[in-house]
Amino acid sequence: MKELHFGAGNIGRGFIGKLLADAGVEVVFADVNQQVLDALNQRHQYPVRVVGEQAQVETVSGVSAVHSGSDEVVALISSVDLITTAVGPQILERIAPAVARGLVKRHDGGNTQPLNIIACENMVRGTSQLKQHVLNALEPQFHAWVEQQVGFVDSAVDRIVPPAEAGSDDPLAVTVESFSEWIVDKTQFKGVPPTLAGMELTDNLMAFVERKLFTLNTGHAITAYLGQLAGHQTIRDAILDPAVRQVVKGAMEESGAVLINRYGFDAQKHAAYINKILQRFENPYLHDDVERVGRQPLRKLGEGDRLIKPLRGTLEYGLGHANLVKGIAAAMHYRSDQDPQAKEWAALLADVGAAAALAKVSGLDEESEVVAQVVNAYNAMQ
Ligand SMILES: NC(=O)C1=CN([C@@H]2O[C@H](COP(=O)(O)OP(=O)(O)OC[C@H]3O[C@@H](n4cnc5c(N)ncnc54)[C@H](O)[C@@H]3O)[C@@H](O)[C@H]2O)C=CC1
Ligand SMILES: O=P(O)(O)OC[C@H]1O[C@](O)(CO)[C@@H](O)[C@@H]1O
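Under an unreviewed UniProt entry, the name given to the protein is Mannitol-1-phosphate 5-dehydrogenase, and the source organism is Candidatus Sodalis pierantonii str. SOPE. Quoted verbatim from the Catalytic activity (unreviewed entry) field of UniProt, the annotation for the protein is "D-mannitol 1-phosphate + NAD(+) = beta-D-fructose 6-phosphate + NADH + H(+)". In its Sequence similarities (unreviewed entry) section, UniProt records this for the protein: "Belongs to the mannitol dehydrogenase family."

Structure below.
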């Protein structure tokens, strides 16, 4: 089996590309980072340091790479069996035209093998969003063929893979935690879904996507935002701060109550899931900066993302949300000179004030009680 993976970054090399290569799939990475592309094509392998109770270095081999904007990508799309992405939510729209061109070539070349595409991004139904971008980029005459031949398969992806530590001079080296979970929607495949060690098939994907996004990512983001406010540099330092930990755990319990109501999760198992996540944040072998985990606050304060969607859930079910409110208030304080979204957010806040700025990015009603609660918490943190 041959596959094309967009995004040879942390999760691309450290999780999805590795899992596929380990399963014997021939993996070709598509990226825009020339240094990474050159290194992949010179060495055809790279080291992954898996850190847990015991650390070990595993070698991923048999890989190659092409530039994401090249004709080679289009040719590959016309012939591969699987396409995956880990490029970031905002990049999906940018790769869609190349995917569309590849699908036209596949159609014109008479390739009748089913093709499946799986976006592995931190977002709800990211592949479905990619599908819309691809359809927008395609002439309507190809839509029926795409519906018949191409499976757009949504997934939930969970493994903490921070950027390589400062001091590492290997552009391909990556350090990952030992935990990993990749869950895909088996109802969306065309043809027989592949059997790959480490890829789990489900017919109940939304429950898994929301469980992951609104527990791990909610807790992680709040750890980052409160951590930065408290002067911590890393997620580990932040989560070991009792004041931060109490709010983070409380927020995960609040979003957990929503998930339990919505999906009928077992309360005890969910509490264990939260505890396991807190331990993962504490991983002494991962150096994960609060600035990485808090990145792109406009996205993270968005209506469907890890902070606002659980808050909305608590309103829907009439549940407590005091800790989520604190987490959102802390997110509003996030600052980073390296992050264009953080700068945009700071400018918006200065321009229109806290309530209007929050309402604008989150879709919450500016006059609502919950916005007033967040703004009070925000002011109290000044
Ligand atoms: N790092 C992590 O622990 C996890 C990340 N994710 C998700 O995976 C996605 C990727 O995250 P990371 O790997 O951390 O980011 P990253 O920044 O390390 O990797 C993204 C890669 O995409 C490449 N890229 C940018 N534009 C491109 C284009 N037009 N075509 C092809 N490649 C392009 C970049 O050069 C980079 O190599 C995000 O959606 C993130 O939310 C999900 C779970 C875990
Ligand atoms: O990748 P994003 O969506 O910016 O958010 C960072 C999050 O992604 C992860 O890297 C992986 O789930 C988490 O460590 C963190 O919660």
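Caption draft 1: Examining the side chain of T223 more closely. Residue position: T223 is located in helix α7 (residues 205-229). Owing to a relative accessible area of 0%, T223 belongs among the buried residues under this scheme. Residues within four places of T223 in sequence aside, it is in contact with I235, A238, I239, V244, V248, F281 and V290.

Caption draft 2: Local environment of the site of ligand 2. Close to ligand 2 lie N122, R159, K212, L216, N217, H220, R292, R295, R299, K300 and R306, which account for all nearby residues. A distance of 2.9 Å separates an oxygen atom of ligand 2 from a polar atom in the side chain of R292. Relative to its unbound accessible surface of 380 Å², ligand 2 loses 93% to contact with the protein. Only α7 and α12 (297-300) provide two or more residues apiece to the shell around ligand 2. Per-element tally for the shell around ligand 2: the top contributor is α7, with 4 residues.

Caption draft 3: Broad picture of the environment of L259. Relative to the elements of secondary structure, L259 occurs in helix α9 (residues 242-263). Remark: the alpha-carbon pair of L259 and K131, spanning 128 residues in sequence, is separated by 27 Å. When near neighbours in sequence (up to four residues on either side) are disregarded, L259 contacts E210, R211, F214, T215, G264, F265 and H270.

Each value, and the rule that gives it
- Residue indices begin from 1 for each chain and proceed along its sequence in written order.
- Think of it this way: whatever chain is written first is A, whatever ligand is written first is 1, and the rest follow in order.
- Only residues with pLDDT of at least 70 get local features here, since the model is predicted, and only at 80 or more are side-chain atom pairs given and counted; chain-wide, interface and lining totals rely on the full set of residues.
- Values reported for side chains reflect all heavy atoms of the structure, with hydrogen atoms and water molecules removed beforehand.
- UniProt positions are given in the numbering used here, feature names are shortened, and annotations may be inferred rather than shown by experiment.
- Numbered from the N terminus, helices here are DSSP runs of H or I no shorter than four residues, and strands are runs of E no shorter than two.
- Buried, partly exposed and exposed residues are distinguished by accessible area as a fraction of the type maximum, computed with a 1.4 Å probe on protein chains only: under 20%, between the cut-offs, and over 50%, respectively.
- Pairs of residues are marked as contacts when any of their non-hydrogen atoms sit within 4.5 Å.
- Nearness is defined per residue: one heavy atom within 4 Å of the molecule or strand is enough.
- The term polar contact refers here to a pair of N or O atoms within 3.5 Å; inside protein, the definition further demands a hydrogen-donor-capable atom paired with an acceptor-capable atom, and it admits residues adjacent in sequence only when both atoms are side-chain atoms.
- Methods summary: accessible areas were calculated by the Shrake-Rupley approach with a probe of 1.4 Å, and residue burial reflects only the protein chains presented.

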